[in-house]
Structures are given as structure tokens and as C-alpha cells.
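Okay, here's what each chain looks like letter by letter:
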Amino acid sequence: MYDLSKVVVTSSPHIKAEDDTRSLMLDVLIALIPALAVAVFTFGPRALVLTVISMVACAVFETIYNKIVGQANTVSDLSCFVTGVLIAFNIPVAAPWWMPVFGSLFGIIVVKMLFGGIGKNFMNPALGARAFMMASWPALMTTWLIPHAQNLPLFGNVTVTDAISGATPLAALKAGTLPEGVSLLDMLLGQTGGVIGETSALALIAGGLYLLYRKVITINIPAAYILTVAVITFIFPMGGQPRLMWMLSQVLSGGLMLGAIFMATDYVTSPVTAKGQIVFGVGCGLLTVFIRYFGGLPEGVSYSILIMNTLVWAIDKATHPRKFGYALEKKKEAQ
């Protein structure tokens, strides 16, 4: 006789495991700590203040929405805090304090909650918020500070002078030249201009390795994404630049590591099959290089991921495993 008291009935996909949304999101938050630490070291405590403001704003807007529609508050799953950190990571440290608030409003309410909340949104909320802020305040979104600029106010507006403003390595790459005064080591360690969370490739890789160790993500999307960018930029360097230096500069600069490791791998907005994840990563890489080479903006990571987000349904449909006997059944039906 079977002991039916030990039978556990759950909704699909019928997985009983210790992992849940909260634990997964907590791992992502832990993985983001190295990049945040480098950002605070590079740009000062203002980077931490903007990140905290963004996290709090996301939690507040999600709570308000849940209250309005009369559903249980979903803040406890920590996904809104991950979105908050990633929104902050996608703005420059010179941004005013209210910018991540409006970005959080758009990312949480419009991109996430209006589509039904976590698991139902078709694009990454943080990237949707970045695109919204880029379209709304392009000048503020492209005001970069050189590392270790002094006397930045924690909450007030930053008065950018020639002494503390500077271009990112991608600006030089866009013009077909290698960045002057910026070494590969600087880009690896995060000692360059850029948005808060994208500058240190090493810190982002460390976070990615933690996520791989914890099995929160797989290697498929990051590897396919980064290798696609590496191969294309190595084969087709601009301006006759040395292939290896050009390729390494493209891979280590901009938001490639941040996007490939932390945003393209979003469970909700990426394919579920291994083949689909590789296709998704390759597509993101192709679009990133295309935008960097031919687009009006120097960076293409955010828009490439957003475009591929809209194609996930088609990728999943084309790459899902065939059922055993499926072809024979279809053949019999045709007859």
C-alpha cells in the first residue's frame, strides 16, 4: 500500500525544490554586489545613494500597484529590488536623484505590473526603463564623469565641468579609434567613464561566476552573446585597428558584460530551451555589433536585448523539443 499522505500535488511544472523566486533573486542581488562596490569606489557614495533610491522606488511602486488592484503584495519575492539595482546600474552617476524614480515608475508599472507581474512581462523591466529614460532625457543619460571625481553631492544636482566630465571608451570606438589614455586593465577594473554598473568587466564576471555556481543562470546566453561580439569585432575591426586590441576593447567596454550576464539571462524574457538560448545570445551579439558599427548611438546592448525579447516566443516555438512520434502522427493525419 502507498502512503498517500506523502503525495504532494502542485501546479505545473510540478517541480519540488528548495529554490524559489525569492532565493533566486537574492542570489542575483549578491552577484551584483561586486559591481556596486567598484562603482562606489570609482564614482563615490553617490552611486550607492542612487542605487538605494532606485530600489526603494521600485518597491514603493510595486506595493502601490498591488494595493490599487487588490492583490497580495509581491515585494517579498525581491524581484523589484533586482530591477531597482539594474535601473541604477544603467544610469550615469551624474544623473539627478529623481531620474531613477521615474525610471522605476516606468519599469515596474508599465513594463512589469500592467502585464501581470513577474513571469508575464515580455521585456526586461530595467532595460525598458533605460530606453524610456534615454528617450526622455538623452543629455542627462549621456553625461559621464571621469573616475574619482571629487566633491560630488549625495543628493543635489551635479554641476559638470570640463574638469570632471569625460567620454566613455565606446565613444572612441564608435569613431573607429582605440580609447586614448584608457588601458584594457582600466576597462577590466572599472576605472573608466560610463553608467554606474557597467564599467568593471571583472566585477561583473565575478558576479556571473557566482550565478553559474549557484545554477541561477546557464552559460548558454552569456557565452553565445559575448563570443558573437568577440568573433565579429575580431574579423571586422574598424579603421584598420589591431584585431586583438579592437576585439578586447569592444568586449570589455560598454554594457556588454552587464547585459549578457544579468539582463539577457532574465528567466521571463529569455528562451527556455538550450538551443533557443544560444540563438538568443547570438542574435543579441549580432544586433549589438550592428548598432555599435552603424547606429546613431555608440552602445547597442540595451536595444539588442529588447529587440530579442520580442522574438523569444518565436525562438521557443522553433527550438522546442519534438514529441516522440510527433512526425508520424502528423504524417498519418495528412494521409
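Residues numbered from 1 in each chain as written. Predicted model: local features only at pLDDT ≥ 70, side-chain atom pairs only at ≥ 80, totals over all residues. Heavy atoms only, no water.

1. Quick notes on the overall build of the protein chain
Alright, step 1. In terms of regular secondary structure, the protein chain is built from 16 helices and 0 strands.
Alright, step 2. In the protein chain, which comprises 335 residues, the proportion classed as buried is 49%.
Alright, step 3. Residue pairs at least 24 apart in sequence account for 74% of intrachain contacts in the protein chain once pairs closer than 6 positions are excluded.
Alright, step 4. Accessible area for the protein chain stands at about 16700 Å²; split by element, carbon and sulfur atoms hold 68% of it. (Helix = DSSP H or I, 4+ residues; strand = E, 2+ residues; numbered from the N terminus. Buried < 20%, exposed > 50% of the residue type's maximum accessible area, 1.4 Å probe, protein only. Contact = heavy atoms within 4.5 Å. Areas by Shrake-Rupley, 256 points an atom, 1.4 Å probe, with all protein chains shown as cover.)

2. Regarding the packing of aromatic side chains
When we look at a pair of aromatic rings, we describe it by the centre distance and by the angle of the planes.
Alright, step 1. Per the counting criterion, the structure on display carries 9 aromatic pairs.
Alright, step 2. Pairing Tyr-293 with Phe-294 gives two aromatic rings, centres 6.2 Å apart and planes at 70 degrees, and the pair type is edge-to-face.
Alright, step 3. With a relative accessible area of 15%, Tyr-293 lands in the buried category.
Alright, step 4. The class for Phe-294 is exposed, based on a relative accessible area of 62%. (Phe/Tyr/Trp six-rings, centres within 6.5 Å; stacked < 30°, edge-to-face > 60°.)

3. Observations concerning the pattern of salt bridges
Alright, step 1. Tallied over the entire structure, the rule returns 3 salt bridges.
Alright, step 2. Asp-27 is the partner of Arg-214 in a salt bridge, and the nearest nitrogen-oxygen pair spans 3.1 Å. Linking Arg-214 in the loop between α9 (201-213) and α10 (220-235) with Asp-27 in helix α1 (residues 21-43), this pair joins segments that are 187 residues apart in sequence.
Alright, step 3. Its relative accessible area of 41% is what places Arg-214 among the partly exposed residues.
Alright, step 4. Here Glu-299 makes a salt bridge to Arg-292, at a shortest N to O gap of 3.0 Å.
Alright, step 5. On the accessibility criterion, Arg-292 (3% relative accessible area) is buried. (Salt bridge = Lys/Arg side-chain N within 4 Å of Asp/Glu carboxyl O.)

4. What about the packing of helix α3 (residues 79-89) against helix α5 (residues 125-136)?
Alright, step 1. The contact between α3 and α5 brings their axes to 8 Å, and the two run at 35 degrees. α3 and α5 meet at a crossing whose hand is right-handed. When α3 is examined against α5, the residues Thr-83, Leu-86 and Ile-87 are found in contact with a partner set consisting of Pro-125, Ala-126, Ala-129 and Met-133.
Alright, step 2. Class assignment of the residues belonging to the contact of α3 with α5 gives a composition of 6 nonpolar, 1 polar and no charged. (Axes fitted to C-alpha atoms, helices over the stretch in contact; angles between N-to-C directions. Left-handed = near helix turned anticlockwise from the far one by under 90°. Nonpolar A, V, L, I, M, F, W, Y, C, P; charged D, E, K, R; others polar.)

5. Digging into the nonpolar core
Alright, step 1. Of all hydrophobic cores here, the largest spans 85 residues; its most connected members are Tyr-225 and Phe-262.
Alright, step 2. Among the elements that take part in this core, α1 stands out by supplying 11 residues, more than any other.
Alright, step 3. Once residues lying within four places of it in the same chain are set aside, the contact partners of Tyr-225 are Leu-256, Gly-259, Ala-260, Ala-264, Gly-281, Cys-284, Gly-285, Thr-288, Val-301, Ser-304 and Ile-305. (Core = buried A, V, L, I, M, F, W, Y, C linked by side-chain atoms within 4.5 Å.)

6. A few points about the confidence of the model for the protein chain
Alright, step 1. The pLDDT averaged across the protein chain works out to 88; a share of 88% of its residues lies at or above 70.
Alright, step 2. Within the protein chain, the lowest mean pLDDT, 55, falls on helix α16 (residues 326-334), and the highest, 98, falls on α10. (pLDDT = per-residue confidence, 0-100.)

7. As for helix α13 (residues 274-294)
Alright, step 1. A rise of 1.5 Å per residue sets the reference length of α13, with its 21 residues, at 30 Å; its end C-alpha atoms lie 30 Å apart and thus fit the reference within 8%.
Alright, step 2. The set of residues buried in α13 consists of Gly-276, Gln-277, Phe-280, Gly-281, Gly-283, Cys-284, Gly-285, Thr-288, Val-289, Ile-291, Arg-292 and Tyr-293.
Alright, step 3. Packing partners of the buried residues in α13 comprise α7 (169-174), α10, α11 (243-252), α12 (256-263), α14 (301-309) and α15 (312-319). (Expected span 1.5 Å × (residues − 1).)

8. Considerations on a nonpolar patch on the surface
Alright, step 1. Taken together, Leu-48, Val-52, Val-56, Val-60, Ile-64, Ile-68 and Val-69 make up a surface patch of nonpolar side chains, about 590 Å² in accessible area.
Alright, step 2. Of note, Ile-68 is situated in helix α2 (residues 46-69). (Patch = residues over 30% accessible without salt bridge, like charges linked within 9 Å, V, L, I, M, F, W, Y side chains within 5 Å.)

9. Quick notes on the environment of Leu-36
Alright, step 1. Here Leu-36 is to be found in helix α1.
Alright, step 2. We classify Leu-36 as buried; its relative accessible area is 18%.
Alright, step 3. Each C-alpha atom of the pair Leu-36 and Ser-200 lies 9.5 Å from the other, and the pair is 164 residues apart in sequence.
Alright, step 4. Aside from chain neighbours lying at most four places away, what touches Leu-36 is Leu-48, Thr-51 and Phe-89.

10. Considerations on the side chain of Asn-66
Alright, step 1. Tracing the backbone shows Asn-66 in helix α2.
Alright, step 2. Taking the relative accessible area as the measure of exposure, Asn-66 reaches 1% and is therefore buried.
Alright, step 3. A polar contact of 3.2 Å, which involves the side chain of Asn-66, links it to the side chain of Asn-73.
Alright, step 4. If sequence neighbours within four positions are ignored, Asn-66 has contacts with Gln-71, Ala-72, Asn-73, Thr-74 and Met-113. (Polar contact = N/O pair within 3.5 Å; in protein donor to acceptor, adjacent residues only side chain to side chain.)

11. As for the side chain of Ser-270
Alright, step 1. Examined against the element boundaries, Ser-270 turns out to sit in the loop between α12 and α13.
Alright, step 2. For Ser-270, a relative accessible area of 6% puts it in the buried group.
Alright, step 3. Side-chain polar atoms of Ser-270 contact the backbone oxygen of Asp-266, separated by 2.6 Å.
Alright, step 4. In this structure Ser-270 touches Ile-221, Ala-264, Thr-265, Phe-280 and Val-312, once residues within four positions along its chain are discounted.

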